[in-house]
Amino acid sequence: QVQFVESGGGLKQSGGSLRLSCAASGSIISIYVMGWYRQAPGKQRELVAAIANSGNTNYADSVKGRFTISRDNVKNTMSLQMNSLKPEDTAVYYCNALKSLWGPPRYDYWGQGTQVTVSS
């Protein structure tokens, strides 16, 4: 069974930084396009950033220039460096394998996510 484990969330003031990490079972991260989603209260889950094995990336307009996605295929991990955080970044963040740089997610299973809260 596929497993995703997200970590690194927390409470930050506006303008702060956080680094999220994702670990997955098997060799999922080294094989597939990977991405970070987020879901704010009362909103649908949205794709925030994605990265292919080629290194090509895709970012939501709302995070371009502030967030950086990276992957380590040897360690089978993925990260999301979040800078210049804004209150609207507050959400639970999830990782998943994707079918393309623009989604959709490859798996219906979602980990428990990691909460990011940004205060103004």
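Refer to the structure presented above.
In this report, we go over the structure that sits alongside the text. Nothing here was measured: the structure is a model prediction, and the numbers come from that model.

Scoring rules and cut-offs
Residues numbered from 1 in each chain as written. Predicted model: local features only at pLDDT ≥ 70, side-chain atom pairs only at ≥ 80, totals over all residues. Heavy atoms only, no water. Helix = DSSP H or I, 4+ residues; strand = E, 2+ residues; numbered from the N terminus. Buried < 20%, exposed > 50% of the residue type's maximum accessible area, 1.4 Å probe, protein only. Disulfide = S-S within 2.5 Å. Pairing = 2+ DSSP bridges. Axes fitted to C-alpha atoms, helices over the stretch in contact; angles between N-to-C directions.

## Points about unusual backbone geometry
Turning to step 1, where the next piece is worked out: Following Gly-103, the chain continues to Pro-104 via a peptide bond in cis, the omega torsion being -5°.
Turning to step 2, where the next piece is worked out: As for its placement among the helices and strands, Pro-104 is situated in the loop between strand S9 (91-98) and strand S10 (114-119).
Turning to step 3, where the next piece is worked out: Located in the positive-phi region is Asn-76, a residue other than glycine, with phi close to 60°.
Turning to step 4, where the next piece is worked out: Asn-76 sits in the buried class, given a relative accessible area of 12%.

## Structural notes on the state of the cysteines
Turning to step 1, where the next piece is worked out: In total, this model carries 1 disulfide according to the counting rule given.
Turning to step 2, where the next piece is worked out: In this model Cys-22 forms its disulfide with Cys-95; the gap between the sulfur atoms is 2.1 Å. On the sign convention where negative is left-handed, the bridge of Cys-22 and Cys-95, at about 70° about the S-S bond, is right-handed. In this pair, Cys-22 sits in strand S3 (residues 18-24) while Cys-95 sits in strand S9, placing the two residues 73 residues apart along the sequence. This pair shows no difference in class: Cys-22 is buried, exactly as Cys-95 is.

## A look at the sheet that holds strand S7 (residues 67-72)
Turning to step 1, where the next piece is worked out: Taken together, 4 strands build an open sheet; the order of strands is S1-S3-S8-S7 and the sheet is antiparallel. Both outer strands of the open sheet, strand S1 (4-7) and S7, are each paired with one neighbouring strand and no more. Each neighbouring strand pair of the sheet contributes to a mean axis angle of 15°, computed without reference to strand direction.
Turning to step 2, where the next piece is worked out: Direction of pairing for S1 relative to S3: antiparallel, over a ladder of 4 bridges. By the bridge assignment, Phe-4 is partnered in S3 with Ala-24.

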